[in-house]
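Descriptive analysis of the structure
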Amino acid sequence: MNKNILTLAILYPLLILGQALICNHIMLFNVATPFLFIYFIVRYPIGASRNLELTLAFLLGLAVDIFSDTPGVNALSCTLLAGIKPTVFYAYVTRDDKTKHITPSISSIGWQNYCKYLVTLATIFCLIEFTIEYFSFTAFRDVLFMTLGSTAITFLVVIGLDSLLPASKTTMA
Amino acid sequence: MRNLLNFIIRYSTWFVFTFYVLLSCILLSQHDEYHASVVLSSANSLTGGVYRAASGVTGYFNLRDINRSLQESNASLENEILNLRNEIADYKSIVNDKDSTTAPEVAEIARFDYILASVINNSTRHPRNYFTINRGTLDGIKRGMGVVDHNGIVGIVNVAGPHTARVISILNETQHFSVKLKDTPYVGSLSWHGGDPTIAYMEEVPRHAKYRIGDTIVTSGYSTTFPYGINVGTVMNRVKMTDDNFYILKIRLSSDFNTLSTVRVLKDSYKAELDSLATFDIKADE
């Protein structure tokens, strides 16, 4: 658990920079942008301080907003994502003493559950993000395609980052 | 009191959540192009510093494309200079007047000076795109100045910090530019509708205006931001009419926003004079 928190603390500024300097400049086929920084929210331990998680999520979004000149868009998306995260997690994982304090990862909840959890979170994030940014019904088709494309590429980069970082065997607090 | 405290502690997550959602909504609603603050934009010193450092590395990318484009632009400028020289020589021989070179057009061009700047951050994927340049108020940059690159216009300075400035790109749905069909009196408004960063639209073109595919669109010169005649793009085709009296032209932009690197910020030496005239007018009305 402590090792996970340390990894996340080091990753926090790196994710902001990675998003601002690399991912923000990627737009595959005019629809797919990777949102690497949601990795922090995805991997933030379940059962750890919720207030801290919401605060860090908000600040994470705000930092990316300042870099991308989109004040409020990412801040709101990240806060909403952090708010809905436990509900999404327990939709795929049974709620019991074992899963009360757990860091969502492949090794802790298994491949299938982790993929379902990640895809759901990425879809929710992209949908909120693009709906806020393109705030009009006329852009509905664009929002849909961008959500699909960006969810797919976000899923890939998050799984990629997962495979790069040392796997955590610790599942319990 | 104790019950109230217990209640707040028990539901603190909900309070924190609501607080951040409201704060984000305030940020979203206050995102006004005109009153944008330096702190919350990419022109602040921290983000500016990060982008400057990163552009030290990425500035070398795309140099091959930029070089080719510069050479093409150079060739066409040389051509134009030759033509102008010939034209001036012709006029001189006809009028036989030594002052004939100080035509109004020459005076108009000399009115604008420029500050060279490098683009250190750029985006094309949002509906409201901005880019950041490595020059700020200390270099003489002010809000409202026009920005061009060697291909044509690219934007208007929106927020200026001491060392960096944020520019509203043409690729911003909220920004409109006054443009003209070259060598005709027909003026329209250039706007970008999102999506493809190479395509924009010239709106409010009068119904009787004549044009051909490939015709050049230039700045109208009706503001202190851009002089007349800076390239904007070329006409691709006409889009369905939305009004009986006007139509919309689809324009291929001449600037390539994916390889934006060195730009010039235009300084109008008449700006203060024109602004003071505008305020004089208001005072006179009062």
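Above this text you will find the structure in question.
Residues numbered from 1 in each chain as written. Chains lettered and ligands numbered in written order. Predicted model: local features only at pLDDT ≥ 70, side-chain atom pairs only at ≥ 80, totals over all residues. Heavy atoms only, no water.

**A short note on the side chain of D69 of chain A**
As for its placement among the helices and strands, D69 of chain A is situated in the loop between α3 (50–68) and α4 (73–92). A polar side-chain atom of D69 of chain A sits 2.8 Å from a polar atom in the side chain of R166 of chain B. (Helix = DSSP H or I, 4+ residues; strand = E, 2+ residues; numbered from the N terminus. Polar contact = N/O pair within 3.5 Å; in protein donor to acceptor, adjacent residues only side chain to side chain.)

**A word on the environment of V187 of chain B**
Residues and elements named next belong to chain B. The topology assignment puts V187 in strand β7 (residues 187–191). Taking the relative accessible area as the measure of exposure, V187 reaches 23% and is therefore partly exposed. As for V187 and M202, which are separated by 15 residues in sequence, their C-alpha atoms are 9.0 Å apart. Every residue in contact with V187, bar those within four places of it in the chain, is listed here: S178, V179, K180, M202, E204, V205, P206, S220 and Y222. (Buried < 20%, exposed > 50% of the residue type's maximum accessible area, 1.4 Å probe, protein only. Contact = heavy atoms within 4.5 Å.)

**Examining empty space enclosed by the protein**
Enumeration over the complete set of coordinates arrives at two cavities of 30 Å³ or more. Size it by volume and the largest cavity reaches roughly 50 Å³. Along the walls of the largest cavity sit A20, N24, H25, F67 and S68 of chain A together with Y51, N121, N122, S123 and H126 of chain B, which together make up its complete lining. Class assignment of the residues belonging to the lining of the largest cavity gives a composition of three nonpolar, seven polar and no charged. Space inside the second largest cavity adds up to approximately 40 Å³. Lining the second largest cavity, in full, are F67, S68 and D69 of chain A together with N121, S123 and Y130 of chain B. Counted by class, the lining of the second largest cavity contains two nonpolar, three polar and one charged residues. (1 Å grid on protein atoms, 1.4 Å probe; cavity = no way out; pocket = protein on both sides within 12 Å on 5 of 7 lines; lining within 4 Å. Points joined across faces, edges and corners; volume = space filled by probe spheres on them. Nonpolar A, V, L, I, M, F, W, Y, C, P; charged D, E, K, R; others polar.)

**Examining the sheet that holds strand β2 (residues 128–133) of chain B**
Spatially, the six strands close up into a barrel ordered β1-β2-β5-β4-β3-β12 (chain B), and their pairing is antiparallel. Direction aside, the axes of adjacent strands within the sheet are offset by 45 degrees on average. (Pairing = 2+ DSSP bridges. Axes fitted to C-alpha atoms, helices over the stretch in contact; angles between N-to-C directions.)

**Overview of the packing of aromatic side chains**
Two aromatic rings are characterised by how far apart their centres lie and by the angle between their planes. This structure, assessed with the given rule, holds 18 aromatic pairs over all chains. Note on F58 of chain A and Y20 of chain B: the rings are 4.7 Å apart at their centroids and 20 degrees apart in plane angle, and the pair reads as stacked. Remark: Y20 of chain B occurs in helix α2 (residues 12–29) and F58 of chain A occurs in helix α3; the pair is interchain, linking two chains. Of the two residues, F58 of chain A and Y20 of chain B, both sit in the buried class. Aromatic side chains F7 of chain B and Y11 of chain B sit 5.1 Å apart centroid to centroid with 50 degrees between the ring planes, which places their arrangement in the tilted category. On the accessibility criterion, Y11 of chain B (34% relative accessible area) is partly exposed. One aromatic cluster in this structure is built from F35, F37, F125, F130 and Y134 of chain A. Positioned above the aromatic ring of Y130 of chain B, the side-chain terminus of R166 of chain B is 4.0 Å from the ring centre. Taking NZ or CZ as reference, R264 of chain B lies 5.5 Å from the ring centre of Y114 of chain B, over its face. (Phe/Tyr/Trp six-rings, centres within 6.5 Å; stacked < 30°, edge-to-face > 60°. Lys NZ or Arg CZ within 6 Å of the ring centre and 35° of its normal.)

**Overview of the nonpolar core**
Among the nonpolar cores identified, the biggest contains 65 residues, and L15, F37, F40, I41, F89 and Y114 of chain A are the most heavily contacted of them. Those elements that place two or more of their residues in this core are α1 (2–21), α2 (39–43), α3, α4, α6 (111–133) and α7 (140–164) of chain A together with α2 of chain B. The element contributing the most residues to this core is α6 of chain A, with eleven residues. One finds A117, I141, V148 and V263 of chain B within the second-largest nonpolar core, a separate group that totals 42 residues. (Core = buried A, V, L, I, M, F, W, Y, C linked by side-chain atoms within 4.5 Å.)

**Brief notes about the packing of α6 of chain A against α7 of chain A**
All names here are of chain A. One can describe the packing of α6 onto α7 by two numbers: an axis separation of 8 Å at closest approach and a directional angle of 135 degrees. Between α6 and α7, the angle is such that the two are oblique. The hand of the α6/α7 crossing is right-handed. Every residue of α7 that contacts α6 at W111, Y114, C115, L118, V119, A122, T123, C126, L127, F130 and T131 is listed here: V143, M146, T147, S150, T151, T154, F155, V158, I159 and D162. Here the contact of α6 with α7 is built from residues that sort into 14 nonpolar, six polar and one charged. (Parallel < 35°, antiparallel > 145°, perpendicular 65-115°, else oblique. Left-handed = near helix turned anticlockwise from the far one by under 90°.)

**What to know about the interface of chain B and chain A**
Listed as interface residues are 28 residues of chain B and, on the opposing side, 31 residues of chain A. For the chain B and chain A pair, buried surface summed over both sides reaches about 2,700 Å², with 66% attributable to carbon and sulfur atoms. Applying the counting criterion to the chain B and chain A interface returns one salt bridge. As a salt-bridge pair, R166 of chain B and D69 of chain A come within 2.8 Å of each other at their nearest N and O atoms. Our count for the contact surface shared by chain B and chain A stands at eleven residue pairs in polar contact (both at pLDDT 80 or more). At the level of secondary structure, the elements contributing two or more residues to the side of chain B that touches chain A comprise α2, α3 (45–58) and β1 (112–122) of chain B. For the side of chain B that touches chain A, the element with the highest residue contribution is α2 of chain B, accounting for eleven residues. (Buried area = accessible area lost by both parts, 1.4 Å probe. Salt bridge = Lys/Arg side-chain N within 4 Å of Asp/Glu carboxyl O.)

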